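Residue-level structural notes
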Amino acid sequence: MPACPRRPVRNFKPGFIPTKFFEYLEHNQKIATCCRHPEDHDIEARKSHPDEKQPDIYIFHCTCGLKHTIFCVGAGDVRPFWEVR
Amino acid sequence: MATYNKFEDFSEQLCRGLHHLHAAGDLLRVYLSNAAPSASLDAVKADLAEIAGGNGYTALGEDIQNDLSETGGTTTLTAVDVVWTASGAGIASFRYVAQYNDTNASDALVNWWDYGASIAPAAGETFTVNYGASYATLV
């Protein structure tokens, strides 16, 4: 279910989106060049279940239309949350 | 974080010494399924169908490089994040992310997480399992 609306990654302050999320894409040589530049992507956040307190799914939308999904199953990491006003 | 769902048989088998979750112990794998798991009825990997291999998904799943640490009586289970990249064509639809003990002769199931809906990464797309600082604790 949707948790946070899609918006450009560039609109966030540096550090708001965990660095690790970027590294998943920047270090992946199996994906297209454009996909390896998450700073140019949009990002949205979702919840796997309505009872989740924080988003546990983050989806990067590349300019080419492809999506890169991160499913957060562990504890102890940062789960950014945002609203659009 | 997504809710950790335990296969009921896991706790018994853990106490019987079947699972050795430290790095030098057993090898745990994470795999993808589009079949609804049963906490009470599923005990081994054969009970919970895996998606077809191919297009960036390797049948049997991926080694999570499991390890653990203990502090003050709390044991923390850790793993290394896994990234699947669809290539050539899409990865088959799945909804559940499950773990099993590959060292165990029966491939005993450990737990699963529910993504909430089926997903099928298209060619060039990725699906990452982020384990965070830990994926489970035993107290």
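Our subject is the structure that appears above.
**Comments concerning the overall build of chain A**
In terms of helices and strands, chain A carries 1 helix and 4 strands. When the helices and strands of chain A are placed in sequence order, the string is β-α-β-β-β. Relative to its length of 85 residues, chain A is compact, with a C-alpha radius of gyration of 12 Å against a globular reference of 12 Å. With respect to the three principal axes, the spread of C-alpha positions in chain A is 35 × 30 × 25 Å. For chain A, buried positions account for 27% of its 85 residues.

**Digging into the sheet that holds strand β4 (residues 67-75) of chain A**
Taken together, the 6 strands give an open sheet; going across it, the order is β1(A)-β2(A)-β3(A)-β4(A)-β9(B)-β6(B), and neighbouring strands pair in mixed fashion. Either end of the sheet is taken by a strand with one partner, and the two such strands are β1 (2-8) of chain A together with β6 (82-85) of chain B. Shown here is a sheet whose adjacent strand axes are inclined to one another by a mean of 15°, direction ignored. The pairing of strand β3 (residues 57-61) of chain A with β4 of chain A spans 5 bridges and is classified as antiparallel. Directly across from I57 of chain A, in β4 of chain A, lies its bridge partner F71 of chain A. Its contacts with the sheet place helix α1 (residues 19-26) of chain A against β3 and β4 of chain A together with β6 and β9 (126-132) of chain B, and it is angled at close to 135° to β4 of chain A.

**With respect to the interface of chain A and chain B**
The interface of chain A with chain B comprises 21 residues on the first partner and 25 residues on the second. Residue composition of the side of chain A that touches chain B, by class: 10 nonpolar, 7 polar and 4 charged. Sheet analysis places β4 of chain A next to β9 of chain B, joined by 6 bridges and oriented parallel. Within β9 of chain B, the position partnered with I70 of chain A by the bridge is T128 of chain B.

**With respect to the environment of L48 of chain B**
All names here are of chain B. For L48, the location among the structural elements is in the loop between β2 (28-33) and β3 (62-63). Linking L48 and Y96, residues 48 residues apart in sequence, is a C-alpha distance of 10.0 Å. Here L48 is in contact with S33, A35, P37, D42, A98 and L109, once residues within four sequence places are set aside.

**So, the sheet that holds strand β4 (residues 67-71) of chain B**
Residues and elements named next belong to chain B. Within the open sheet, the 3 strands sit side by side as β4-β5-β10. Their pairing is antiparallel. The strands lining the two open edges of the sheet, one partner per strand, are β4 and β10 (136-138). Across this sheet, the average inter-strand angle for adjacent strands is 25°, counted without regard to direction. Relative to β10, strand β5 (residues 74-78) is paired through 3 bridges, and the arrangement is antiparallel.

**Some details on α1 of chain A**
Residue and element names in this part refer to chain A. Taken together, the buried positions of α1 are occupied by F21, Y24 and L25. Viewed along the axis of α1, the buried residues span an arc of 90°, placing them on a single side of the element. Across α1 from its buried face, at more than 90 degrees, point the exposed residues T19 and E23.

**Quick word on the pairing of β2 of chain B**
All names here are of chain B. Among the 6 residues that make up β2, 5 are buried, leaving the element largely enclosed by the rest of the structure. Strand direction decides the pairing type here: β2 and β3, joined by 2 bridges, are antiparallel. In the strand pairing of β3, V30 is matched with E62.

The rules behind these values
- Along each chain, numbering runs from 1 in the same order as the chain's sequence is written.
- Lettering of chains starts at A and numbering of ligands starts at 1, both following the order in which they are written.
- Where totals are concerned, whole chains, interfaces and linings use all residues; where local detail is concerned, this predicted model gives features only for residues with pLDDT of at least 70, and gives and counts side-chain atom pairs only at 80 or more.
- By definition, any uninterrupted DSSP run of H or I lasting at least four residues is a helix, any uninterrupted run of E lasting at least two residues is a strand, and each is numbered from the N terminus.
- Atoms counted for the radius of gyration: C-alpha only. Globule rule: 2.2 Å times residue count to the power 0.38.
- We call a residue exposed when 12 or fewer other C-beta atoms sit within 10 Å of its C-beta, buried when the count reaches 20 or more, and partly exposed for counts in between; the C-beta positions come from the backbone.
- Two strands make a pair as long as DSSP finds a minimum of two bridges between them.
- Every axis in this analysis is a line fitted to C-alpha atoms, fitted for helices over the stretch in contact. Angles between the N-to-C directions lie between 0 and 180 degrees.
- Throughout, a residue-residue contact means that the two C-beta atoms, derived from backbone geometry, are no farther apart than 7 Å.
- Any residue that is not Ala, Val, Leu, Ile, Met, Phe, Trp, Tyr, Cys, Pro, Asp, Glu, Lys or Arg is counted as polar, Gly included; the first ten are nonpolar and the last four charged.
- In this description, the arc belongs to the directions extending from the helix axis to the C-beta atoms.

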